[in-house]
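# Descriptive structure summary
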Amino acid sequence: MKFVADGMLGKLARWLRMMGHDITYYAAFSDDELMAIAKKEDRVLLTRDMELFQRCASKGIDVFYVEGANEAARLAELTERFKFPLAINLEVSRCPKCNTQLHSVPKEAVAGKVENKTFAHYNEFWQCPRCGQIYWQGAHWDKIRATLHEAEEILARKSMA
Ligand SMILES: [Zn+2]
């Protein structure tokens, strides 16, 4: 999916990139810029701003009003609306920082570029070919999995309601 996110949704933008979606995000975009990008690049505009939502809707721009108070609730809303899997697969992830598709890199390639403990502990690494950031499924992945699980539970509750 291709999205453009408003300035209030930076964290969600990073999540969606990790899930493999193409997200244009820059905190300082004006409403007019957001609308122009959505239209020109055929992206769904994600916003927390009701006024912007209504402006887009009246102009026929594809827009989604994000209601959830936290990332799990927001991810649940988006997967329900756009029917994409609630999962992160680093093989298809985009760099949360710059939106470029990550590449799997051999362990030797990150020697000296990550902390020794990390290097000793993990065998699979991914790197952003644009900004050089290196990723691995480290301790923080427990938090990521917990958020995805919470989003799954929200969806399950909704489907029972
Ligand atoms: Zn990057």
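Description of the structure in this document. Treat the numbers as computed from the prediction; the structure is a model and nothing was measured.

## Observations concerning the sheet that holds strand β2 (residues 22-25)
- With parallel pairing, the four strands of this open sheet are ordered in space as β2-β1-β3-β4. A single partner strand is all that each edge strand has here, and the edge strands are β2 and β4 (63-65). Averaged over all pairs of adjacent strands, the angle between their axes in this sheet comes to 25 degrees, without regard to strand direction.
- In the sheet, strand β1 (residues 2-5) pairs with strand β3 (residues 44-47) via three bridges, with the strands oriented parallel. Within β3, the position partnered with A5 by the bridge is L46.
- Packed onto the sheet, helix α3 (residues 50-58) meets β3 and β4 and runs at close to 150 degrees relative to β4.
- Strands in contact with helix α4 (residues 71-82) are β1, β3 and β4; relative to β4, the strand with the most contacts, it is inclined by about 140 degrees.

## Some thoughts on the sheet that holds strand β5 (residues 103-105)
- The antiparallel open sheet is built from three strands, whose spatial order is β5-β6-β7. Taken across any chain shown, the strands that pair with only one partner, and hence form the sheet edges, are β5 and β7 (134-135).
- Looking at chain direction, β5 and strand β6 (residues 125-127) are connected through three bridges and run antiparallel. When the bridges of β6 are listed, S104 appears paired with W126.

## A word on the nonpolar core
- Counting 35 residues, the largest nonpolar core has F3, L12, L16, L46, L75, L78 and I88 as the members making the most contacts within it.
- Element by element, the count of residues in this core is highest for α4, at six residues.
- In this structure, V4, M35, I61 and V63 belong to the second largest nonpolar core, which totals ten residues.

## So, helix α2 (residues 31-40)
- Within the span of α2, buried status applies to L34, M35, I37 and A38. Buried residues of α2, seen end-on, are gathered within an arc of 165 degrees and therefore sit on one face of the element. Pointing more than 90 degrees away from the buried face of α2 are the exposed residues K39 and K40.
- In the segment just after α2, D42 is the residue with positive phi, at about 55 degrees.

Calculation notes
- Residues numbered from 1 in each chain as written.
- Predicted model: local features only at pLDDT ≥ 70, side-chain atom pairs only at ≥ 80, totals over all residues.
- Heavy atoms only, no water.
- Pairing = 2+ DSSP bridges.
- Helix = DSSP H or I, 4+ residues; strand = E, 2+ residues; numbered from the N terminus.
- Axes fitted to C-alpha atoms, helices over the stretch in contact; angles between N-to-C directions.
- Contact = heavy atoms within 4.5 Å.
- Core = buried A, V, L, I, M, F, W, Y, C linked by side-chain atoms within 4.5 Å.
- Buried < 20%, exposed > 50% of the residue type's maximum accessible area, 1.4 Å probe, protein only.
- Arc of directions from axis to C-beta.

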